Every structure is written in structure tokens, then in C-alpha cells.
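# Notes for the structure review
Here's the letter readout for the chains.
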Amino acid sequence: MEAGGLPLELWRMILAYLHLPDLGRCSLVCRAWYELILSLDSTRWRQLCLGCTECRHPNWPNQPDVEPESWREAFKQHYLASKTWTKNALDLESSVCFSLFRRRKERRTLSVGPGHEFDSLGSALAMASLYDRIVLFPGVYEEQGEIILKVPVEIVGQGKLGEVALLASIDQHCSTTRLCNLVFMPAWFSPIMYKTTSGHVQFDNCNFENGHIQVHGPGTCQVKFCIFKNTHVFLHNVPLCVLENCEFVGSENNSVTVEGHPSADKNWAYKYLLGLVRSSPSLIPKEDTDFLMSLDLESRDQAWSPRTCDIVIEGSQSPTSPASSSPKPSSKASSQEAEVGSDAERVAQTPDSSDGGLSPSGEGEEEDEEQLTYRLSYQVQGPRPVLGGSFLGPPLPGASIQLPSCLVLNSLQQELQKDKEAMALASSVQGCLIRKCLFRDGKGGVFVCSYGRAKMEGNIFRNLTYAVRCIHNSKCNQIHHGLRSGIVVLGNGKGIIRNNQIFSNKEAGIYILYHGNPVVSGNHIFKGRAAGIAVNENGKGLITENVIRENQWGGVDIRRGAIPVLRSNLICFGYSDGVVVGDEGKGLIEGNTIYANKGCGVWMMSSSLPHVTSNHVSYNGLYGVAVFSQKDGISEFPGGHGAQENFSEDGDAILWETELEKEDDPLCRPITIALVESNSINHNGASGLYVQSSEVLHVISNVIHANGDRGISVAQSGQLTRVANNSISCNRQSGVKVETQCKVELRGNGIYDNRGHGIITKGESTVVVENDIIGNRGSGLQLLPRSDTKVIKNRIHSFRAYGIAVRGRAKALVQENIIFQGKNNKTIFQQITNNRECIMQNNKFLVFKKKSDTWRLVNPPARPHLENSLRGPSAAHGGQKVAAMATRITARVEGGYHSNRSIFCTIL
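Residues numbered from 1 in each chain as written. Predicted model: local features only at pLDDT ≥ 70, side-chain atom pairs only at ≥ 80, totals over all residues. Heavy atoms only, no water.

### Comments concerning the nonpolar core
So the rule is basically this: The criterion is simple. A nonpolar core is a set of buried Ala, Val, Leu, Ile, Met, Phe, Trp, Tyr and Cys residues joined through side-chain atoms within 4.5 Å. Throughout this description, buried means an accessible area under 20% of the type-specific maximum (1.4 Å probe, protein chains only), exposed means over 50%, and partly exposed covers the range between. Strands here are runs of E lasting at least two residues and helices are runs of H or I lasting at least four, both read from the DSSP assignment and numbered beginning at the N terminus.
Formed by 119 residues in total, the largest nonpolar core has its most connected members in I134, L136, F184, L235 and I804. Top element by residues in this core is strand β27 (residues 460–471). It accounts for five residues. Listed in part, the 15 residues of the second largest apolar core include W33, W45, L48 and A74.

Given below as C-alpha cells:
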């Protein structure tokens, strides 16, 4: 384009010298000139916007280095904001007969300061008329008494922010006021710097230090581009207030308190603020660029299916054996074995196979060509998929990660599109809207209580004791895209906390306490100095589809009567345990992937009665699942288990626990059994499941595979530990070990290919019924001195050792078992002489006769029979029904936050 023969670039250079009125006139010349003026966005319009002393960078304080979409539009919004406080100026009372001839009175400008018309703010206000502008020139203005605003005025500081300081206590009694470019400090006689009970107040580009601001309904306020240093904003029964682009620093208590149900009375500014909320575009935060973790997820889905092994005994390798594809180790290396413990539990020191175990065939030993061969076919259940089959392999440093689609943070627009209720809330709000603000370096952020309503969108909460607390029947509803939030829900606080990034908090990312009952979904909670999510003191909640990673304490910590539903979360790379269930913790832990935490996958303490079901627990540094009695010495174990303190400050427990509503909660019925069911527990550093507890425990239908120690280790079991229908395979030591004075029932399990014995027991009451104990490197069963064991209707085989070995003065009933013979130089059964307390009845011993013999586990087929999962019958046997419990908990959580008495607290 060329106007008047000059190039476009030259026109832009000339127009860059024009002031705002001249730019407006030029834009009215013609369409070409209008487009020319618009093209000055990144030059003249930017210069005008940043040069305005009454405003700051449009993306301050969260993203001051990010350019706005349009500098002209940002400047326009700043300019219009200076006019909106007078929107009701035309509605001044006047006589009806003069209404047609009414002329609006011109605004005066009153100057305050040394050498000007007035020397104090009070004297200027005494002479001010409606909507006059009072300009305070640089200096410090200290008022000795309370200032009462009786007429609408605008009070503006001249010069740069900080050059005009006002030490005053102002009480607004008029309909509207605007204050701009001022530094407020409290007067000597009162900490209240500003309050209003009915009118509308607008603060632009002000600083507030060491005092209070109070707005009571039906009063309203709009606060933009302000800094609050150790200042408390108290909003009581406000119908609607807007705080945006503000910074809150160094609070000694709460920065913003929203209290009370929004007032039904509304002043003139309510409609204006409501239109402002509805018309403003929502913030879309950047992705968390730090969220690249060390794992390639997409390349390992194929290994999730169970493997079927045809094991060749005493002969050449089977083509389906995992060891057949591995180089044949030297005879020296493969024959080396190590004694582990006094019970002769043996571990072969050989290279790992592809699935973490080692096939018992083809081990490099010198084979006798005349030895006979037979085949034994059975199925070993491998890890089952969770979260779309991800997180199967070990963590690989430097590799990228692709999260399952259900765990990727959605944009705000995506969240709103799938949730009509959230969309309605995003377009309107009652109470307080807090948008694009920064809360940092203090004790508390936003406190919502006593039926208060708040909506938070695009805020950053950093280095706070807590960021958001919703208590005493407040409702925290539809929380999206808050950045760096630490959220506390207690005192019957309810609602939805969804799709946030919550990280680097000094305490738990989310605390749920004292009957708090939110839905927590789709959040990324990471790099906290404590737990990711802590549910304590009878807290509830539905916690689903969150990514909880790299936290210093447990990813999720459940204690003291808490009863949440923890479902379909990714809990990984923590510096302690994945999930900690402390004293008297309950709830449902279902369908989670608990991966590569340095401590245990799941750590359950005494009197904890959770149901742990359908989780994938893998590659954790210690035990996959540990059930440990606190009185027996937590300090014996590394990682600081159980060290997390309660959340308690300012007497919250006493204050809110005494005021909780008494509900007829079906979950208050006694739950007497902890349940570990249908989990995939594999490749953990120590035992897959470790039990040292006096509580009743049911371990049902799990896959316990390729763990670094034993599959299941029962060190203490004062009450019955029932182990049924599990696949226990390829673990580095024995499949199951039962220590002295333990009561254990093993029923319907498949115990395959473990590197030590299949089962070792010293227990005083061990029942081994209807198990398949096949292919383990040591004996199938080792019954040690002083044990008392019933071995009934099992199928047992060992490659090198004995099917059953009875050592010392063991008491045993061995009845109706099928015991397969191993090598020629080993017998099927070994019994120490002079042991009359070992009774053998109706056992079947199968000895191979010819080279073509093939034995298969049929009638019934190889155990466990996972297709006939004991989820229903086993739970009924123990007095619990998992499915019913899940339904009850979920219904209680999801249905509990729709009370008409509850309040809205929305973080978007």
C-alpha cells in the first residue's frame, strides 16, 4: 500500500510520532488509513500501552515476558477501565420535568500536594463534587482521622507508582469510587486501609502494604494490576467481585478470604461485572515443558499377554522356552549357587532372561545322553495391562514418554466442551472471580468458607503453606488449570479439582481432611516436598486419572479414618513410596499404575483396611506391596516409611471436627479385612508382597512376577493371611516364604519358575491346598523344623530338588497330592528319619518311564484359574464384597457434592 505516494514503512515511521487523539483522527480518514493505524500494533500501540503510568504489562505478573495478542486491544482495555467506574453517572436523580434538558456536569480536577490547590486528601474531598478527579502529586499523605467518601470521586497518583504514598483509613459511603496509581499503608489508628459495605470500588495499579481491605455485600469491587504485600482482602457476602492480574506476597495468614453466601441485594455494578466475566476469554496455560520422563511407553505393549511355556526337562531346550533365544552360559557360571539363610533357600546366580525369570531348562550342565525326557505344559500369567498397556519395561534414562491419552492435560476449552456444568460455571459466577493472579512466598492463598463462592482461573500459587482451602460447607467446584497450586479441602469441603498442574509445594499438593469430599481428576501433581495427595482425618474423595510423580514422600498418603477412592492414577518416580496407607486408613485403591518409586509401591500399616485391586505395581525400589505392623518397628526399613506428619494448624481439627454434620454414612459400617486383589506386582526390587502384621489379610488373584526377592514373604501373621488364586512366577528367590508363628492359607495358586523353592514354611499353621507348584529351582515345598503344615491336593514338581522336603521336627499332613519326579538322582519326596509327626496319605507319585512322556496340567487346567476370579466368592468368604464397596464409596463421593447448601469454589 502507498498513501500519497509514500511507502508503507515510511508512513509507519511518521505515524509513530502521533499521540492518541491524532491516531484516532487518522483512523477515520479512510479504510486504508484505518488499516495503516492498526498495523502499528507492535510499535506505537505497544509504546503507548507500556508508557501509561496507570497500567502494567498486560500479562503481568504471571507472564510479563509474553506479548499480548494485540497491544492496541490491551491499551483499549486499560483506557476503558478508567471510564467504567462512572457507568451509572447518567442515572443521577433529577426532577422529571427537567429530564429532557438535563446536562451532565463537567468533571473538575482537584490537585493535592505542596504548592498546589490542596495540601491534604481530606481537604480536597471536602470540596469535591460528583465524579471529580483528585490528583495527588508525589509525596507522603498521612491522614489523622478516618476518611469517609460521601460522593463518587476518582483519586489518582501523579508520576510513577511508588511516588505517592497514602497512609489512611477510608470508609466508602457512596455508590462508586476509583483509586489508581497509589501506595496504600494503614493509618496509625487502624489496620483497615479501605472498606465499603454497599458501593462499587475500582483499584487500578495500586500497591497495598501491611493492612486490610474489606468489601461487604451488596458492595462490589474490581481490582486490576495491584500488588498486595502482607495484605488481607476480606470479601463477605459479596454478590460479585473481580481480582485479576494481581500479585499477593508475604501473607501472614490468608491473602484473600471469601466468606458467606453471596448477597441477594446487588448494586449498580453487578451487571457490568457480570458482563465483564462473560465476555473475557479464558486463559490457556502453556504445557508443562518439564514433563518429560525417562520412558518410552509405546514399544512394549506386545509383552503384556500371558506366556505359555512348554518346559523340557532333562533334555534339549523347548523352542518356546525364553532361555532358548539366549546364549548358553558357561558351565562354571551356571552351576554356581549361593546359600541364602539357614533354611537352605537357594538362588541361582545366572543372567536374567527376558521376562525377569529364568527357564529351568538348558542351563549348561553336562547332560547324560541316556537320561529320559518328558514334557510338562502349563501357563504362567505375565503382567496385565493397566492404563493402556504402558509402563511395562524398566525406566530408561534419557528416553521420552508418551502418556496414555486419559492422563494428558486437556486445554480449558476441551474440559468445558465435555462438561456442560463446567461450561455454565465458566460463563458466570457468584462471589469472587480470581483470575491470572500470582500468590507467592506466604502462608495462605485463598480461603473459602461458610458458604462462600469463588472461581479461580489461570492463577499461580508458589511457595505457600497452602494455596486454596475450602472448609465448613464450602464447595470447591470445577477446578481447572490452576498452576502450582497446593489445595486444602476440609470441614465438609466438596466439589471437583480437575486438570491442574500442582507442583513444588512445601506440603502435600492436595490435602483432604476432616470429611473433605472432593473429586480430584486429571491433575499433574509433581516435585512436591511432601506427599502428592494426602487424605487424612476421615477425609474422603474420588481421586482419578491423575499423574502423581517425583514427590519426596508418598505419592498418595491415606491415614486416620480416611476412605478415598484412588482409581486409574499414574504414581511414579517418587523418592519414597507410591501409596502409603497409614494407621486406620481405608478406601479403594483400584486400577492405578504405581511405577519406579524408590520405596515400596504400596505401603500399608497396621489397622489399615484398604482394598488394593487391579493395580499395576512395577519397578519400585523395595517391596511391591508391603503390609507392615507399626508396633513391630518401622525403623527397621529404609525410606522413612510412616514419617509424614498430620496436617494441623491453628486448631483446625478442634474447630471443624466439632461442627461436622452427622450423616448416615453406609461406609461407617465396620470393615474388618484388608484385601489385595487382581494386581500385577512385578519387577520390584524386593519381595512382590511382604506381610508383617497382626491383621487379617486376603491376597486374591494377583500376578506376582519377576520380583527381586521372594514373590510373597510372610514374616508375621497373627491373624489369617489368605493367599488364593495368585500367579507367583519367576521371582529371584522362593515363590512364597512363611516365617514362624504365622497363620497362612495358600489355595489355588500357580507357583512357577521361581529361582528358589516354590514354598518355604516355618509357620505354626500353614495350609497348602490345591496349588500348582511347578518348575522352581529348589524344592517344590520346604517344610522346616517346628512348622505345622497341611499339604492337600496340590500338583508339585521340582527340576533339581525334591517335590517335598521335610526337614527336622516338622509337623505335616501330606495328603492327595500329585508329585512329579525330577532328575534321576533326586527322589520325589525327602523326609528326615524318625519324624513320626509327618503323615503321608493317598498321594500320587508320577515317575517318567520313557523319553516320549509328556505330562500336562489338566483336569483341572493349570492354576490359577483367573477366569473364575474370586472377586465375588472370596470377598463373600471374608465378609466383604469389593464391587459393592467400590459402588458404595464412589456413589458417596460423586453424589456428595451436589448439596444445595454447598458452595462453589472454582479454579480454572
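That shown, we press on.
### Here's the deal with the side chain of R559
Let me state the cut-off plainly: Counting of polar contacts relies on pairs of N or O atoms within 3.5 Å, with two restrictions inside protein: one atom must be capable of donating a hydrogen and the other of accepting it, and residues adjacent in sequence are counted only when both atoms are side-chain atoms.
One can find R559 in the loop between β38 (556–558) and β39 (565–567). The class for R559 is buried, based on a relative accessible area of 6%. Of the polar contacts made by the side chain of R559, one reaches the side chain of D557; its length is 2.5 Å.

### Side note on a nonpolar patch on the surface
Filter applied, for reference: Patch members must show over 30% relative accessible area and no salt bridge, and they are joined within 9 Å when carrying like charges or within 5 Å when they are nonpolar side chains of Val, Leu, Ile, Met, Phe, Trp or Tyr. Under the convention used here, a 1.4 Å probe and the Shrake-Rupley method define accessible areas, while residue burial counts only the protein chains that appear. Every case where a carboxyl oxygen of Asp or Glu lies within 4 Å of a side-chain nitrogen of Lys or Arg is listed as a salt bridge.
A contiguous nonpolar surface patch, about 430 Å² in accessible area, is contributed by L10, M13, I14 and Y17. Accessibility expressed as a relative area gives 68% for Y17, which makes it exposed.

### Quick word on unusual backbone geometry
Residues other than glycine predominantly adopt negative phi, and peptide bonds predominantly adopt the trans conformation. Put simply, G217 and P218 share a cis peptide bond, and its omega is 5 degrees. When you line up the elements, P218 lands in the loop between β13 (212–216) and β14 (220–224). Geometrically, the link from R863 to P864 is a cis peptide bond, its omega value of 0 degrees lying close to zero. Along the chain, P864 falls in the loop between β70 (853–856) and α12 (873–877). Here the phi dihedral of N237 falls at roughly 55 degrees; this positive angle occurs in a residue that is not glycine. Here the phi dihedral of N725 falls at roughly 65 degrees; this positive angle occurs in a residue that is not glycine. Note that N725 resides in the loop between β53 (712–724) and β54 (727–729).

### Side note on the packing of aromatic side chains
Worth spelling out the cut-off: Any Phe, Tyr or Trp ring, taking Trp's six-membered ring, that has another such ring centre within 6.5 Å forms a pair; planes under 30 degrees apart are called stacked, those over 60 apart edge-to-face, and the others tilted.
The full count for this structure, using the stated rule, is 15 aromatic pairs. Considering the side-chain rings of F573 and Y595, the 5.8 Å spacing of their centres and the 85 degrees angle between planes classify their relative orientation as edge-to-face. In this pair, F573 sits in the loop between β40 (570–572) and β41 (579–581) while Y595 sits in strand β43 (residues 593–595), placing the two residues 22 residues apart along the sequence. Here F573 matches Y595 in class, with each residue buried. For the pair Y623 and Y690, a centre-to-centre distance of 4.6 Å together with 20 degrees between the ring planes defines the contact as stacked. Here the residue Y623 occupies a position in the loop between β46 (616–618) and β47 (625–628), and Y690 occupies one in strand β50 (residues 689–693), the gap between them amounting to 67 residues.

### Describing the packing of helix α2 (residues 20–27) against helix α3 (residues 31–38)
Where we set the bar: Each axis is a line fitted through C-alpha atoms, taken for helices only over the stretch in contact, and angles between the N-to-C directions span 0 to 180 degrees. Contact criterion: two residues are considered in contact whenever any of their non-hydrogen atoms come within 4.5 Å of each other. When residues are sorted by character, Ala, Val, Leu, Ile, Met, Phe, Trp, Tyr, Cys and Pro go into the nonpolar class, Asp, Glu, Lys and Arg into the charged class, and all the rest, Gly among them, into the polar class.
Their axes nearest at 7 Å, the elements α2 and α3 cross at an angle of 140 degrees. Contact with α2, carried on its side by L23, C26 and S27, involves W33, Y34 and I37 of α3 and no other residues of that element. When its residues are assigned to classes, the contact of α2 with α3 shows five nonpolar, one polar and no charged.

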